[in-house]
Amino acid sequence: YVSYTGGLLSTELLNSIVAPLSIIWENADGQNLLLRRNVLSILACVASFVGSDEATALYPLALPLIDDSFGREENVFLVDEALKIWWVFLQLSKGYDPLLGKLYLRAPALSNDLEHVKVLMRITEYYIIVGRVAFLNDH
């Protein structure tokens, strides 16, 4: 509806759309852990849909979930999806954002898996080009 009418989603409406995702994430355990991958995928789609102007409104929900995907052993199967959504948020950012920059603290541990090095190199390149001195000083 929004794309058809050319309207914008208010932050309040956007938050009400994605609010159930955090509940799903928290309640997905045991055999239901695969739901977490779906939550990340939905967030990536919503962020792509709303675009760069409104994607930052998703940070309070999305960034902790991305970080959690990298931080827990039980979520190891989420790393690929988490890297994808991280990349989506980077591409939608209008410049270096320290909140997104905090995710980069996970990069050294992720680089141990050669499967992820190519994506991490793209992410690193983006941070250096966009973040410049601010990013380099932070990391």
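What you are looking at is a predicted structure, and each value in this text was computed from that prediction instead of being measured.

As for the overall build of the protein chain
Argument step 1. Secondary structure summary: the protein chain contains 9 helices and 0 strands in total.
Argument step 2. The C-alpha atoms of the protein chain give 15 Å as radius of gyration, which agrees with the globular expectation for 139 residues (14 Å, within 12%).
Argument step 3. Across its three principal directions, the C-alpha atoms of the protein chain cover 40 × 40 × 20 Å.
Argument step 4. Taken over 139 residues, the protein chain has a buried fraction of 42%.

As for the nonpolar core
Argument step 1. With 43 residues, the main nonpolar core has Leu43, Ile66, Trp86, Phe89, Leu100 and Tyr127 as its most contacted residues.
Argument step 2. For this core, the elements supplying multiple residues, two or more each, are α2 (11-27), α3 (34-50), α5 (59-71), α6 (79-92), α8 (107-110) and α9 (117-138).
Argument step 3. It is α6 that provides the largest number of residues to this core, a total of 10 residues.
Argument step 4. Excluding its chain neighbours within four sequence positions, the residues that come into contact with Phe89 are Ala47, Ala55, Leu58, Tyr59, Ala62, Ile66 and Leu100.

Some words on unusual backbone geometry
Argument step 1. The backbone phi angle of Arg132 is positive, close to 45 degrees, even though this residue is not glycine.
Argument step 2. Following the sequence through the fold, Arg132 ends up in helix α9.

A look at the packing of α2 against α5
Argument step 1. For the pair α2 and α5, interaxial distance at closest approach is 11 Å and the crossing angle is 25 degrees. In this view, α2 runs roughly parallel relative to α5, as classed from their interaxial angle. In this structure, the crossing between α2 and α5 has a hand that is left-handed. Facing Val18, Leu21, Ser22 and Trp25 of α2, the residues of α5 in contact are Leu61, Leu65, Asp68 and Ser69.

Observations regarding the confidence of the model for the protein chain
Argument step 1. In the predicted model, the protein chain carries a mean pLDDT of 88, and the fraction of residues at 70 or more is 95%.
Argument step 2. Model confidence for the protein chain, summarised as mean pLDDT per element, is weakest for helix α1 (residues 2-5) at 46 and strongest for α6 at 94.

As for the side chain of Glu81
Argument step 1. Considering the arrangement of structural elements, one finds Glu81 in helix α6.
Argument step 2. There is no salt bridge for the buried Glu81, and the closest opposite charge comes from Lys84, which lies 4.1 Å off by N-O distance.

Quick notes on the pattern of salt bridges
Argument step 1. Counted under the stated rule, the structure contains 5 salt bridges.
Argument step 2. In this structure, Lys94 engages Asp53 in a salt bridge whose closest nitrogen and oxygen atoms are separated by 2.4 Å. One end of the pair, Lys94, is in the loop between α6 and α7 (98-101); the other, Asp53, is in helix α4 (residues 52-55), with 41 residues separating them in the sequence.
Argument step 3. You can call Lys94 exposed: its relative accessible area is 66%.
Argument step 4. Between Asp67 and Arg106 there is a salt bridge whose closest N-O contact spans 2.8 Å. Of the two residues, Asp67 sits in helix α5 while Arg106 sits in the loop between α7 and α8, which places them 39 residues apart along the sequence.
Argument step 5. Among the charged side chains, a salt-bridge network with shared partners connects Arg36, Asp68, Arg72 and Glu74.

What counts, and at which threshold
Residues numbered from 1 in each chain as written. Predicted model: local features only at pLDDT ≥ 70, side-chain atom pairs only at ≥ 80, totals over all residues. Heavy atoms only, no water. Helix = DSSP H or I, 4+ residues; strand = E, 2+ residues; numbered from the N terminus. Rg over C-alpha atoms; globule rule 2.2 N^0.38 Å. Buried < 20%, exposed > 50% of the residue type's maximum accessible area, 1.4 Å probe, protein only. Core = buried A, V, L, I, M, F, W, Y, C linked by side-chain atoms within 4.5 Å. Contact = heavy atoms within 4.5 Å. Axes fitted to C-alpha atoms, helices over the stretch in contact; angles between N-to-C directions. Parallel < 35°, antiparallel > 145°, perpendicular 65-115°, else oblique. Left-handed = near helix turned anticlockwise from the far one by under 90°. pLDDT = per-residue confidence, 0-100. Lys, Arg positive; Asp, Glu negative; His and termini not counted. Salt bridge = Lys/Arg side-chain N within 4 Å of Asp/Glu carboxyl O.

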